[in-house]
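Descriptive analysis of the structure
So you can see what is in the structure, the chains are spelled out below.
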Amino acid sequence: MAREPREGRDRRDRDRDGDDLVDKLVAINRVAKVVKGGRRFAFAALVVVGDKKGRVGLGTGKAREVPEAIRKATDSAKRSMIRVPMREGRTLHHDVIGHFGAGRVVLRAAPAGTGIIAGGPMRAVFETMGMGDVVAKSLGTTNPHNMVKATFAALKNVNNPRSVAARRGKKVSDLIGRREHAAPETREAADA
């Protein structure tokens, strides 16, 4: 089978908008099936794909060879990409909790310069998404599949102030202003 030219392969890794996609292999699992002649090995791969601009996808693939499993997982991740709104292009708008199976993750917005404070599987999601400052904690499981799926469940629940304001029929300044004005009142109530 003839190999295609190098530039053709690079073009294939671009999505519809022409943005480059970054993929990270999160986990690979080897399973063995015992048959009459010995063992047959198969591999399952978990891959995260993102454009470092707020879009990220998750995919799994199974095959007899590792490269084929990774390719299937990457194709699956490209098809299932979601867009996550980010504040100032670097962090979340608000804290959020995600659940999947026994996995529960807590994602918190962080000030500039914090970096990505998260475990391995969750770190891959944030790096491919392009998020620079976030604090994440996994509770309940260390299984990479459940951790990443719980992270995606949390990211799907992130809202930006503009969409919340549109849903409520208010202005963004009303929502943001209310938060700033509410802070002194709560301090006075706490002091009393």
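As the structure is a computational prediction, the values presented were derived from the model and not from experiment.

With respect to helix H4 (residues 144–155)
For H4, with twelve residues, the first-to-last C-alpha span of 16 Å sits near the 16 Å given by 1.5 Å per residue. All buried positions along H4 are accounted for by Asn-146, Met-147, Val-148, Ala-150, Thr-151, Phe-152, Ala-154 and Leu-155.

As for the nonpolar core
Note that soluble globular proteins tend to have their nonpolar side chains buried in a common cluster. Grouped together as the largest cluster of nonpolar side chains are 28 residues, with contacts concentrated most on Val-56, Leu-107, Phe-126 and Leu-155. Of all the secondary structure elements, the ones that give two or more residues to this core are strand E2 (38–50), strand E3 (55–63), strand E6 (103–109), helix H3 (120–129), strand E8 (134–139) and H4. The leading source of residues in this core is H4, at six residues. Setting aside its immediate chain neighbours within four residues, Phe-126 contacts Leu-107, Ile-116, Ala-118, Met-131, Val-134, Ala-136, Thr-151 and Leu-155. Ala-45, Val-47, Ala-73 and Met-81 belong to the second largest nonpolar core, which has ten residues in total.

Describing the sheet that holds strand E5 (residues 96–100)
A sheet is described by the order of its strands in space; here four strands give the open sequence E5-E6-E8-E7, paired in mixed fashion. This sheet does not close on itself; its edge strands, each paired only once, are E5 and strand E7 (116–117). In this structure, E6 lies alongside E8, joined through six bridges in antiparallel fashion. Paired with Val-106 across the two strands is Lys-137, which belongs to E8. Strands E6, E7 and E8 of the sheet are contacted by H3, whose axis makes an angle of about 150° with E8.

Observations regarding the sheet that holds E3
Here four strands make up an open sheet; going across it, the order is E1-E2-E3-E4 and the pairing antiparallel. On the outer flanks of this sheet lie strand E1 (22–35) and strand E4 (82–83), each paired with one strand and no other. Sheet topology places E2 next to E3; eight bridges connect them, and they run antiparallel. If you follow Ala-44 over to E3, its bridge partner there is Lys-62. Sheet strands touched by H3: E1, E2 and E3. Its angle to E1, the strand with the most contacts, is close to 140°.

Let's talk about the pairing of E6
Judged from the five bridges that link them, E5 and E6 form a sheet pairing that is antiparallel. For Phe-100, the partnering residue across the bridge sits in E6 and is Gly-103.

Digging into the pattern of salt bridges
Under the criterion given, the structure shown has seven salt bridges. Between Arg-90 and Asp-133 there is a salt bridge whose closest N-O contact spans 3.2 Å. With Arg-90 in the loop between E4 and E5 and Asp-133 in the loop between H3 and E8, this pair connects stretches of sequence that are 43 residues apart. Comparing Arg-90 with Asp-133 shows no difference in burial state: the two are buried. The closest approach of N and O atoms between Asp-95 and Arg-108, which form a salt bridge, is 3.1 Å. Residue Asp-95 is found in the loop between E4 and E5, and its partner Arg-108 is found in strand E6; the two are separated by 13 residues along the sequence. It is possible to trace a salt-bridge network through shared partners that takes in Lys-24, Arg-123 and Glu-127.

Rules of the game
- Residues numbered from 1 in each chain as written.
- Predicted model: local features only at pLDDT ≥ 70, side-chain atom pairs only at ≥ 80, totals over all residues.
- Heavy atoms only, no water.
- Helix = DSSP H or I, 4+ residues; strand = E, 2+ residues; numbered from the N terminus.
- Expected span 1.5 Å × (residues − 1).
- Buried < 20%, exposed > 50% of the residue type's maximum accessible area, 1.4 Å probe, protein only.
- Core = buried A, V, L, I, M, F, W, Y, C linked by side-chain atoms within 4.5 Å.
- Contact = heavy atoms within 4.5 Å.
- Pairing = 2+ DSSP bridges.
- Axes fitted to C-alpha atoms, helices over the stretch in contact; angles between N-to-C directions.
- Salt bridge = Lys/Arg side-chain N within 4 Å of Asp/Glu carboxyl O.

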